[in-house]
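Breakdown of the fold
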Amino acid sequence: MASPLTGPAAVQAGPAPPGTWPFLLPFVVYVLHTLEELQGFAAWAGRHFGPETTSAFAAYHIPLMLLVLLASWRATTAGRHGVWVVLATAFQWQFGVNALFHLSTWIILGEYSPGAVTAAVVSLPATAYYLAWIRREDRAGSGETLLAIALGTVIAALAIGFLFL
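Further remarks concern the nonpolar core. Soluble globular proteins tend to bury their nonpolar side chains together. Phe23, Ala75, Tyr130 and Ile134 are the most contacted members of the largest nonpolar core, which has 18 residues in total. Those elements that place two or more of their residues in this core are α2 (25–37), α4 (54–78), α5 (83–109) and α6 (116–136). Looking at this core, the element that brings in the most residues is α5, giving five residues. Contact partners of Tyr130, with chain neighbours within four places excluded, come to Pro22, Phe23, Leu25, Pro26, Val85, Ala88, Thr89 and Gln92.

This is how it looks when you write it as structure tokens:
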């Protein structure tokens, strides 16, 4: 009989299995990307989309970063398959889509989009690596990956749509 210390929850709460560090990529990408954006994204977004302030930008990114950290960490402890893996994968996919947003708006608007450097040199390579890794290591099944891509696309669309508010 499983006790609270030996049941499935105890296994998930244990140390990360070896080789699960790529699940932390969504959090690392988010932190690096946000550090670049803090220098001028709010002013840029305010000119091209809707009103934005640096303090509001920082305020809503803090809980979002904590959510991405939670999903990433729990995915490392799960090791493979399940809701935390799907969420971490969705967040990483979202950062790939967000990178395409930054690069395309830079081209379309003819003005540097703060966040485009980390989009090009961090987000896109990290997303490609992450997706290849979860497939190669069988960390998520095809259905889980498709669900994560759909969820990540919705998250990215909501984040971009939020700029118009």
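We are not done yet, so read on.
This part covers the packing of helix α3 (residues 41–48) against α5. Between α3 and α5, the least distance of the axes is 13 Å, while the angle of their chain directions is 55°. Our classification of the angle between α3 and α5 gives oblique. The chirality of how α3 crosses α5 is left-handed. The segment α3 lies against α5, with Phe41, Trp44 and His48 engaging Phe101, His102, Thr105 and Leu109.

Analysis parameters
- Residues numbered from 1 in each chain as written.
- Predicted model: local features only at pLDDT ≥ 70, side-chain atom pairs only at ≥ 80, totals over all residues.
- Heavy atoms only, no water.
- Core = buried A, V, L, I, M, F, W, Y, C linked by side-chain atoms within 4.5 Å.
- Buried < 20%, exposed > 50% of the residue type's maximum accessible area, 1.4 Å probe, protein only.
- Helix = DSSP H or I, 4+ residues; strand = E, 2+ residues; numbered from the N terminus.
- Contact = heavy atoms within 4.5 Å.
- Axes fitted to C-alpha atoms, helices over the stretch in contact; angles between N-to-C directions.
- Parallel < 35°, antiparallel > 145°, perpendicular 65-115°, else oblique.
- Left-handed = near helix turned anticlockwise from the far one by under 90°.

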